[in-house]
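Reading the structure
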Amino acid sequence: MNIQMKYHRAFGVYGICIENEKLLVIHKGGGPYINRYDLPGGSLEDGESLIEAMKREFFEETGLEIMVEDNIGVVDFKLPWVWKEFSHVHHIAVFYSVKRVGGKLTKPKQFDGQDSLGAIWVSEEDITKDNSSPLVLKAFEWINSSNIGIDVTTFAEWKVQV
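Read on for an overview of the structure. For clarity, every value in this text was computed on a predicted model and none was experimentally measured.

Here we come to unusual backbone geometry. Phi is positive for Asn-20, which is not a glycine, with a value near 50 degrees. Inspection of the secondary structure assignment puts Asn-20 in the loop between β2 (18-19) and β3 (22-28). By relative accessible area, which is 74% here, Asn-20 ends up exposed. The phi angle at Glu-21 is positive, at roughly 60 degrees, despite the residue not being glycine. Looking at the element boundaries, Glu-21 is found in the loop between β2 and β3.

Another aspect to go through is the nonpolar core. Within the largest apolar cluster, 25 residues are counted, with the highest numbers of intra-cluster contacts made by Leu-23, Leu-39, Phe-95, Leu-135 and Val-136. Going through the elements one at a time, β1 (7-16), β3, β6 (64-83), β7 (86-103) and α2 (134-145) are the ones with two or more residues in this core. For this core, the element with the highest residue contribution is β6, accounting for five residues. Core analysis: the second largest hydrophobic core is formed by 13 residues, Cys-17, Leu-64, Ile-66 and Ala-119 among them.

A separate point is the sheet that holds β6. Spatial ordering of the open sheet is given by β5-β1-β7-β6-β9, a layout of five strands whose pairing is mixed. Two strands close off the open sheet at either side, each with one partner strand: β5 (41-42) and β9 (153-154). Relative to β6, helix α1 (residues 50-62) is tilted by about 80 degrees, and along the sheet it contacts β1, β5, β6 and β7.

With that settled, the discussion passes to the packing of aromatic side chains. Inspection of the entire model under this criterion finds four aromatic pairs. Judged by centre distance (6.0 Å) and plane angle (15 degrees), the ring pair of Trp-83 and Phe-86 falls under stacked. Relative accessible area serves as the criterion here: at 15%, Phe-86 is assigned to the buried category. Aromatic ring contacts, followed pair by pair, group Tyr-33, Phe-155 and Trp-158 into a single cluster.

Of note, Ile-26 is situated in strand β3. Between the alpha carbons of Ile-26 and Leu-117 there is a distance of 6.8 Å; along the sequence they are 91 residues apart. Not counting residues within four places of it along the chain, the set of residues in contact with Ile-26 comprises Arg-36, Tyr-37, Asp-38, Leu-39, Pro-40, Glu-61, Thr-62, Ser-116, Gly-118 and Ala-119.

Attention shifts here to α1. Between the first and last C-alpha of α1 there are 18 Å, a value that for 13 residues agrees with the 18 Å anticipated at 1.5 Å per step. Every buried residue of α1 is listed here: Ala-53, Met-54, Arg-56, Glu-57, Phe-58, Glu-61 and Thr-62. Elements in contact with the buried residues of α1: β1, β3, β5, β6, β7 and β8 (116-122).

Turning to the pattern of salt bridges, a few remarks are in order. A complete count under the given rule lists eight salt bridges for this structure. For the salt bridge of Glu-19 with Arg-100, the shortest nitrogen-to-oxygen distance reads 2.7 Å. Taken together, the positions of Glu-19 in strand β2 and Arg-100 in strand β7 put the pair 81 residues apart, joining distant regions of the chain. Residue Glu-19 is classed as partly exposed on the basis of its relative accessible area, which comes to 24%. Note that Glu-60 and Arg-56 form a salt bridge whose closest N and O atoms lie 3.2 Å from each other. With Glu-60 and Arg-56 both in helix α1, this residue pair falls four residues apart, about one helical turn.

Each value, and the rule that gives it
Residues numbered from 1 in each chain as written. Predicted model: local features only at pLDDT ≥ 70, side-chain atom pairs only at ≥ 80, totals over all residues. Heavy atoms only, no water. Helix = DSSP H or I, 4+ residues; strand = E, 2+ residues; numbered from the N terminus. Buried < 20%, exposed > 50% of the residue type's maximum accessible area, 1.4 Å probe, protein only. Core = buried A, V, L, I, M, F, W, Y, C linked by side-chain atoms within 4.5 Å. Pairing = 2+ DSSP bridges. Contact = heavy atoms within 4.5 Å. Axes fitted to C-alpha atoms, helices over the stretch in contact; angles between N-to-C directions. Phe/Tyr/Trp six-rings, centres within 6.5 Å; stacked < 30°, edge-to-face > 60°. Expected span 1.5 Å × (residues − 1). Salt bridge = Lys/Arg side-chain N within 4 Å of Asp/Glu carboxyl O.

Now the structure itself:
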């Protein structure tokens, strides 16, 4: 049987926030990274700048107010995800280093489009390919090497954890 591949293109901004050698991640409640750790962040709203979206998404998903320190770069991932008429997702992610400047970790308000179930701090030893999104894996790559690379990362055998 020949299945035609059709990619959903997802674009978003994501924050790498490190404190005490731990990375802040969210528990993902939807999408191809459901039931995994993911970076706080997401899509832009109409007319919103990248930095405005980064601050809003971070606050909505974690309860923390942030300062965006630096643009780390852009990475993209391809993986299988059957959703609507699509067979795969092509996720384009702009990474920023961010610093907490206020707020406290809180359980996010749930609304249509909210896919964070809460945030926690994790160390690299807590992270595996099976419990984390490609963004979290890439974040630790950057933490360890100060480099995120330029090549697409493809996960041909990706399993959505429903």
